[in-house]
Amino acid sequence: MTKNIELINWVNHWKEIFQPKNIHWCDGSEEENQNILDSMVASGVAIKLNEEKKPNSYYFQTDDSDVARIESRTFICSETPEKAGPTNNWEDPNKMKQEMLKVYKGAMKGRTMYVMPFSMGPLGSDKSYIGVQITDSPYVVVHMRIMTRMGTKALEVLGENGHFIPCIHSVGYPLEEGQKDVKWPCRPIEEKYICQFPQTKEIWSYGSGYGGNALLGKKCFALRIASVLGKEEGWLAEHMLILGITNPKGEKKYIAAAFPSACGKTNLAMLIPTIPGWKVETIGDDIAWMKFGQDGRLWAINPENGFFGVVPQTSISTNPNAYLSIQHNTLFTNVGLTPDNDVWWEGIGYECPEGSLDWKNRVYDKNSSEPCAQSNSRFTAPIAQCPATDPAYDETNGVPISAILFGGRRQTTVPLVYEAKNWNHGVMIGSVIGSEITSAVIGLKEGELRHDPFAMKPFCGYNMGDYFQHWIDLGKKTEQDKLPKIFCVNWFRKDNGKWLWPGYGENSRVLAYIFDRCNNEDIAIDSPIGKIPKPGAINIEGLKVSEQDMEKAMKIDKKEWETEIIRTEKFYEIFGSHLPKELREELQTIKDNLK
Ligand code: SAT
Ligand code: MN
C-alpha cells in the first residue's frame, strides 16, 4: 500500500465520518476490475452485454434524477462571492462544509469505501497531477479506471511525500443492517451537492453517481480546480479537444478546440478527412492542459485516459472512429437494451429490435414520444482503442499546439472561418462564443444567443473576468510568433433554412486551410472582424457547395455584426471591473473597422 502519511491520515479521517462496512484500496488491476463488475452483475446493478457483439462490455441504468451534470447544485466555494464571479453559484466554504458534513456522517454505512489514487495526465509527467478519490460507488470505480490512470501506478508516482488533490464522493444512501440496496442509489436533485473549494483545492460531492458529478477527475478536478491551479501557476486548463493533423507531405501539427456542448467536439476530434492525403488523429475529445515548454511554445496534454461520450446519433456513418471505439471494453449508461443483450440508441443506423428495453427498463414502444436511449446517455471507453488515437496521447511532454479554435452553433453572422489578428483579439473571440437557442429553453427566446465563454461557463473555478485576464497575461509570456494562432469556426451557418456547409469530414477542408495559415502561407486577407480566407483558399473540389454558397458562408454582414457588438457589450457588463481593458479595446477596434 502506501507510506504517504498525508494520505493515510486523510483516509482514516474520512473513515470515521463515513463509517463504511469496509475499505478497499484500488490497485487498478484487471482482476480487481473484473471482481467489481462481477459483483455488480450479481446484484443486478450491471448487465453483461452479449460477448459476441460487445465483448467485455457492460450496461447500466441510472435513477431518473441522475442523468446529467446538475449546474444548479454545483457550487464554487471560494472565500468571497466575487472570487467565484458572476457565472458561478457561490457558497461560503465553511458553511458548505458544515452542511455537507451533516449528510456525510454515516453516509457509507453498510457499504465499501473505495480509495482510488489516480493521475490526471500521463503517469509521471510534469504536466500531470495526482488525485485520490474516496467513493462508495463501484460504478464510479470501474469508470474512473477507464477515464484516468488509476491504481498502484498513480500511488507510486505520489510516493511517500507527494501531495494529492482530495476528492470525496458518496452517493448518500447508507444501508442499515439487513436493508436491501436499490439498483441506483442516489439522492433527489435538491439534496445533491457538487462542491469545489478553490482555496484548499478540494472536491466534495454527494448524492449523485453520474458522470461529471461523480467521476471527480473530470470536470471537478481537470477543469474547475485545475483552472485555479493554472491561474496560480501560469498555465491553462481548458474545455478543449486536441487533435493531430498531418498534411500530404507528412508534416504534422496539433490543434486544440473549444466548443459549447452539442457542437460536435467528439466528431471533430475523431474526424476522417475527405480531402486526399490528409490525416487526423485524436489526443483527446474534452479537456486540454497547456503549459509553456522550454521552447516558448504551448504544449498540451489530455489529462484523461478515456472517452465519456454522448451516445445518441453515434453511428458508423456520423462518427466511424467513435463507433468503432465502443464495440468492446465499453461501459454503456442509459441507452436501450436489445433482447440479445446488445445496446441500441437513436441514430445508431438501424431499426430497434423488437422487444428491446428503453433506458427506464420498459419495453420500448416505437410509437412513443419518448426516446429509447436517454438524450445524455453515455459510452465510456479507453482512448487507446480508438482507431484514430494519436500515438502521442500518452506522451509525458504533450504536444505543441499550433492553433486554437473557438466555435459555436451560429445560424447567422459568424463566417465559416476567420482568424484573430493577434492574441488579445483571439481572447476576445473565445470570450464571446456561444450558441443560438434552437428550440425554446426556459427563460430564453428562440434565436437568442446563449454565451458560453471559452466553452467554460460551467467549468471555470473562479471569476470568469479574471480568467479572461489570465489568458491575456499568458499571451505576454512568450514571443508572439510562438503563440498558437487563434481561429473562430462556424459549421452551422444557414441560408433560407438550409446549411451552407456540409460539416463532418468536410470540415477537414477548413482544418487544411488553418494548417497552411500556421505555415504563414499567403492565403488570408484582412476584414473588419479578422483575417479571412482569400477567395479559393479553401479547397471545395468535389463538394456540392457552389462558389455563391461559399461566399454566403464567408459573408461579413455589417448589420449582423452591429447587432453582435451590442450583444457583446451587454454580455461584458456582467463582469464589471473584472473585465480586462484589452477586451474592451479589441471590441472597439472591430467597431471602428465596421464604420
Ligand atoms: O457529465 S460530464 O460532465 O462528464 C459530461 C459533460 O457534461 O460534458
Ligand atoms: Mn465536456
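Right above here is the structure, for reference.
A short tour of the structure in this document, coming up. (Residues numbered from 1 in each chain as written. Chains lettered and ligands numbered in written order. Predicted model: local features only at pLDDT ≥ 70, side-chain atom pairs only at ≥ 80, totals over all residues. Heavy atoms only, no water.)

1. Things to note about the coordination of the manganese ion (ligand 2)
Metal coordination angles have textbook ideals: 109.5 degrees for a tetrahedral set of four donors and 90 or 180 degrees for an octahedral set of six. Selection criterion: Coordination here is defined by N, O and S atoms within 2.8 Å of the metal (3.2 Å for Na, K and Ca), and since water is not considered, a site can look incomplete. Numbering goes from the N terminus for both helices and strands, where a helix is a DSSP run of H or I of at least four residues and a strand is a run of E of at least two.
Around the manganese ion (ligand 2), the donor atoms from the protein are K219 (NZ), H239 (NE2) and D286 (OD), and they sit 2.1 to 2.2 Å away. When the donors of the manganese ion (ligand 2) are listed by position in the chain, the intervening gaps give K-x19-H-x46-D. Residue H239 is located in the loop between β11 (236–238) and β12 (241–246), and its partner D286 is located in the loop between β14 (279–284) and β15 (288–292); the two are separated by 47 residues in the primary sequence.

2. Quick notes on the nonpolar core
Applied cut-off: In this text, buried Ala, Val, Leu, Ile, Met, Phe, Trp, Tyr and Cys residues form a nonpolar core when linked through side-chain atoms within 4.5 Å. Any residue under 20% of the maximum accessible area for its type is buried, any over 50% is exposed, and the rest in between are partly exposed; the area is computed with a 1.4 Å probe on protein chains only. We call two residues contacting when some pair of their heavy atoms lies within 4.5 Å.
Counting 162 residues, the largest nonpolar core has W289, M290, W345, F406, W471 and I514 as the members making the most contacts within it. Looking at this core, the element that brings in the most residues is helix α8 (residues 217–233), giving eight residues. Discounting chain neighbours no more than four positions away, the residues touching W345 are V311, P312, Q313, T314, Y323, I326, F332, V335 and A373. V11, F18, C77 and A154 belong to the second largest nonpolar core, which has 28 residues in total.

3. Some words on the sheet that holds strand β2 (residues 46–48)
Test applied: Two strands form a pair only when DSSP identifies at least two bridges running between them. A fitted line through C-alpha atoms serves as each axis, taken over the contacting stretch for helices, and the angle formed by two N-to-C directions is quoted from 0 to 180°.
Judged by pairing direction, the sheet is mixed, and its five strands sit side by side in the order β2-β3-β18-β21-β17 without closing on themselves. Two strands lie at the open edges of the sheet, namely β2 and β17 (306–310), each paired on one side alone. Across this sheet, the average inter-strand angle for adjacent strands is 20°, counted without regard to direction. The sheet contact formed by strand β3 (residues 58–60) and strand β18 (residues 331–333) spans three bridges and is parallel. Its bridge partner lying in β18, F60 is registered against T333.

4. Looking at empty space enclosed by the protein
Heads up, the rule is: A 1.4 Å probe that fits into a set of points on a 1 Å grid over the protein atoms alone but cannot get out defines a cavity; an open set with protein on both sides within 12 Å along at least five of seven lines defines a pocket, and lining residues are those with an atom within 4 Å of a point. Grid points are joined across faces, edges and corners, and a volume is the space filled by probe spheres set on the points. Only Asp, Glu, Lys and Arg are considered charged in this grouping, and only Ala, Val, Leu, Ile, Met, Phe, Trp, Tyr, Cys and Pro are considered nonpolar; every other residue, Gly among them, is considered polar.
Within this structure, the stated rule accounts for three cavities of 30 Å³ or more. Quantified by volume, the largest cavity comes out at close to 180 Å³. Together, 21 residues line the largest cavity, and V414, Y418, V432, W561 and E564 are the ones closest to its centre. Mapped by element, the contributors of at least two residues to the lining of the largest cavity are α11 (423–431), β26 (485–489), α15 (558–573) and α16 (581–594). Residue contributions to the lining of the largest cavity peak at four residues, all from α15. Each residue belonging to the lining of the largest cavity can be placed in one class, and the counts come to 13 nonpolar, six polar and two charged.

5. Details of the site of ligand 1
Note the cut-off: Throughout this document, a residue counts as near a molecule or strand when at least one of its heavy atoms sits within 4 Å of that molecule or strand. N or O atoms closer than or at 3.5 Å make up a polar contact, with two conditions inside protein: a donor-capable atom paired with an acceptor-capable one, and, for residues adjacent in sequence, both atoms drawn from side chains.
In the vicinity of ligand 1, the contacting residues are R69, G211, G212, K218, K219, F308 and R378. In this structure, R69 approaches ligand 1 through a side-chain N or O atom, which is 2.7 Å from an oxygen atom. Within the backbone of G212, a nitrogen or oxygen atom sits 2.8 Å from an oxygen atom of ligand 1. Sorting the residues of the shell around ligand 1 by element identifies α7 (211–214) and α8 as the ones contributing at least two each.

6. Points about α11
Because each turn of an α-helix spans 3.6 residues, side chains separated by three or four positions end up pointing in the same direction. The element α11 is extensively covered by neighbouring structure, given that eight of its nine residues are classed as buried. Listed in full, the buried residues belonging to α11 are W423, H425, G426, V427, M428, I429, G430 and S431. The N-cap of α11, judged by a side-chain oxygen 3.2 Å from the amide nitrogen of N424 a few residues on, is N422.

7. Structural notes on the pairing of β12
For a regular strand, the rule is simple: side chains alternate between the two faces of the sheet. Of all the six residues making up β12, six are buried; the element is thus mostly covered by neighbouring parts of the structure. Residues L241, L243 and I245 line one face of β12 and the alternating positions I242, G244 and T246 line the opposite face, and both faces are buried. For β12 and strand β13 (residues 252–258), the ladder comprises six bridges, and the chain directions are antiparallel. Across the sheet, residue L243 finds its bridge partner in β13, namely I255. Here β12 folds back onto β13 in antiparallel fashion, the turn holding five residues, of which G250 has a positive phi close to 90°.

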